[in-house]
Amino acid sequence: MNIRKLLVLAGLGLAAVGTYFGLFVAPPERHMGDVQRIMYVHVPSAWIAMLLYTLAFGFAIALLWSGRQKWDDLMVGAIEVGVVLNALLLVQGSLWGRATWGVWWDWDVRLTTSLVMAILFAGVLVLRRMAPNEERRSQWSAVATVVAFIDVPLVYFCVRWWRSLHQIQSSPDTVDPAMVLPLRLNSFGLLFLALAWMLWRAAIERSSRRASEVPLPTRVAIEESAHA
Amino acid sequence: MSSLLALLSKDLLLEWRERARSLSVLLFAVVTLLLFSFALGPDVETLREATPGVLVLALLLSSTLALNESFRLEREDRALEGLVMRPVSLTALFYAKASANALLLTFLGPVVVALAVVFYSLEIDVATMTRLVGLWCLGAAGLAAPGTLYAAMTSRLKSQDVALPLLLFPLVVPVLLASVKAMGLVLTGDAMNQLRSWLTLLLAFDIIYWSVCGLLFRFAVEEGE
């Protein structure tokens, strides 16, 4: 069994147990009631999206440093999965905000930063699609990824000064252990799933790059022999 | 350093010879100012309150025009390719281009601020106006560095007019916020003594963008362009 399948199985198992604990075992929150249970997917989404962007930044630096294409494969995997989780994060947050704050959106520091972050990294993917050739594509994506990653703390800092409503982070010391357990299980579950997904995406990128490296006459010959 | 100055004077000479182009950027900024006045209504009070935001947006929108233009010329007749083949460092090329763009945007400042004073009946003295122009310049510098980096990349694309704002606008949110806040404090009075911190923030962004983008530029434009 390869590493990706192992990650998927572990991830699904952990997420299933975590979700069960989150929905049925953990106590409801005193003020928000059952609505708070969305935290068991919301907080892991945020953590793992941030982690993936950090990985993408690392891969981008490695690519610029070494020029090796395998970093580009991993970088695009990390960014794509990160953007999807980031989008989910925004939707979950919006639902939670509607239920507890009474509004779908607020210009609070974490909401605004998450939105800007999603747009920044989606921009990297757009630039990627537009690049004129393969070498440009990987270099440009790496440059845009580095700039976007450095920009995120600046946005956070700036919006924090601008205004704030979102609660500050809780630490495990102040949270009921029955709530910490499902949160941890779900976080690791999502981490494994996201890593598997990233590796899969990287493998697809590698295959398509190799396919495009095959000279056209050979490719036609291969296709013809496949049809024959 | 000497190559940086030579490149910068080349860029400024180009701007001077193509005055019509620079003037059209200025005219665009003025039109933006005008459009915001129509959108926000004739009430002077509302307009006065929105002035910092309108000024910064005028700067932001006209910056994409200026940035796109600055590399369009270099791509024409493959001038950039010739430049890259010369023994000048790409870092010098970046700083010259970014400085020229920052200067062009700075030059819009006094005119647009003066027009805002007239259009929105701002009752401010010369010192306040100078401070507004100063903040405009800091904002322009914050836009010019990442703008030049991205324009170098997007200028190779057919859809450069779409790509540049798409990539640049979310990136410069910190510059936009800090400039709007600082301009607002200059206009309405700084009772809580916050101006200094926003100014420091804006300066810090400028320094970060100028250094990071300078480092990355050689990956965006490479030998054999």
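Here the structure is a predicted model, which means the values were calculated and not measured.

Caption draft 1: Layout of the overall build of chain A. When helices and strands are tallied, chain A shows seven helices and zero strands. Going residue by residue from the N terminus, the α and β elements of chain A occur as α-α-α-α-α-α-α.

Caption draft 2: Spatial organisation of the overall build of chain B. Check the secondary structure of chain B and you find nine helices and zero strands. Reading chain B from its N terminus to its C terminus gives the helix and strand order α-α-α-α-α-α-α-α-α. A globule of 225 residues ought to have a C-alpha radius of gyration of about 17 Å, and chain B, at 18 Å, matches this closely. For chain B, the spread of C-alpha atoms along the three principal axes comes to 55 × 35 × 30 Å. Buried positions account for 45% of the 225 residues belonging to chain B. Counting contacts in chain B only where the partners sit at least 6 residues apart, residues at least 24 apart contribute 82% of the total.

Caption draft 3: Summary view of the confidence of the model for chain A. On average, chain A scores 85 in pLDDT, and the residues at 70 or more come to 93%. Mean pLDDT across the elements of chain A bottoms out in helix 7 (residues 216-227) of chain A (73) and peaks in helix 2 (residues 39-66) of chain A (92).

Caption draft 4: Here's a closer look at the interface of chain A and chain B. The partner chain B presents 20 residues to the 23 residues of chain A that form the contact. Listed by contribution, the elements that provide at least two residues to the side of chain A that touches chain B are helix 4 (109-130) and helix 5 (134-162) of chain A. Considering every element that reaches the side of chain A that touches chain B, the biggest residue donor is helix 5 of chain A, with 14 residues. Taken together, the residues that form the side of chain A that touches chain B break down as 20 nonpolar, two polar and one charged.

Caption draft 5: Expanded view of helix 8 (residues 173-188) of chain B. Between its terminal C-alpha atoms helix 8 of chain B stretches 22 Å, which fits the 22 Å expected from 16 residues at 1.5 Å a residue. Burial within helix 8 of chain B is extensive, with 15 of its 16 residues counted as buried.

Caption draft 6: Representation of the packing of helix 6 (residues 126-154) of chain B against helix 9 (residues 195-220) of chain B. All names here are of chain B. Between helix 6 and helix 9, the least distance of the axes is 9 Å, while the angle of their chain directions is 15°. Considering the angle they form, helix 6 stands roughly parallel to helix 9. Handedness of the crossing formed by helix 6 with helix 9: left-handed. Residue-level contacts link L138, A141, G142, A145, P146, L149, A152 and M153 of helix 6 to L202, L203, F205, D206, Y209, W210, C213, L216, F217 and A220 of helix 9. Taken together, the residues that form the contact of helix 6 with helix 9 break down as 16 nonpolar, one polar and one charged.

Caption draft 7: Local environment of the environment of A56 of chain A. Residue and element names in this part refer to chain A. Mapped onto the fold, A56 is located in helix 2. In the structure, A56 is positioned 66 residues away from A122 in sequence and 13 Å away in space, judged by C-alpha atoms. Not counting residues up to four positions away in its chain, the partners in contact with A56 are M75, A78, I79, G82 and T145.

Caption draft 8: Main features of the nonpolar core. Counting 128 residues, the largest nonpolar core has L52, A56, M75, A78 and A194 of chain A together with L55 and A220 of chain B as the members making the most contacts within it. It is helix 6 of chain B that provides the largest number of residues to this core, a total of 14 residues.

Caption draft 9: Region of interest: the packing of helix 6 of chain B against helix 8 of chain B. All names here are of chain B. One way to put it is that helix 6 packs onto helix 8 with a least axis distance of 10 Å and a crossing angle of 175°. By the angle between their directions, the pair helix 6 and helix 8 is classed as roughly antiparallel. Two secondary-structure elements touch here, helix 6 through T128, R131, L132, L135, G139, G142 and L143 and helix 8 through V175, S179, A182, M183 and V186.

Caption draft 10: Structural context of the environment of N86 of chain A. Residues and elements named next belong to chain A. Tracing the backbone through its elements, the reader meets N86 in helix 3 (residues 69-100). According to the C-beta neighbour criterion, N86 is buried, with 25 such atoms within 10 Å. For N86 and V147, which are 61 residues apart along the polypeptide, the C-alpha to C-alpha distance reads 18 Å.

Caption draft 11: Structural detail: unusual backbone geometry. Residue and element names in this part refer to chain B. For S121, which is not glycine, the phi dihedral falls at a positive 45°. Residue placement: S121 occurs in the loop between helix 5 (90-119) and helix 6. Residue classification places S121 among the exposed positions, given that 11 C-beta atoms sit within 10 Å.

Caption draft 12: Just the environment of P165 of chain B, in detail. Within the secondary structure, P165 of chain B sits in helix 7 (residues 160-171). Distance in space between the C-alpha atoms of P165 of chain B and L202 of chain B is 21 Å, their sequence separation being 37 residues.

Criteria and thresholds
- Residues numbered from 1 in each chain as written.
- Chains lettered and ligands numbered in written order.
- Predicted model: local features only at pLDDT ≥ 70, side-chain atom pairs only at ≥ 80, totals over all residues.
- Helix = DSSP H or I, 4+ residues; strand = E, 2+ residues; numbered from the N terminus.
- Rg over C-alpha atoms; globule rule 2.2 N^0.38 Å.
- Buried ≥ 20, exposed ≤ 12 C-beta atoms within 10 Å, placed from the backbone.
- Contact = placed C-beta atoms within 7 Å.
- pLDDT = per-residue confidence, 0-100.
- Nonpolar A, V, L, I, M, F, W, Y, C, P; charged D, E, K, R; others polar.
- Expected span 1.5 Å × (residues − 1).
- Axes fitted to C-alpha atoms, helices over the stretch in contact; angles between N-to-C directions.
- Parallel < 35°, antiparallel > 145°, perpendicular 65-115°, else oblique.
- Left-handed = near helix turned anticlockwise from the far one by under 90°.
- Core = buried A, V, L, I, M, F, W, Y, C linked by C-beta atoms within 7 Å.

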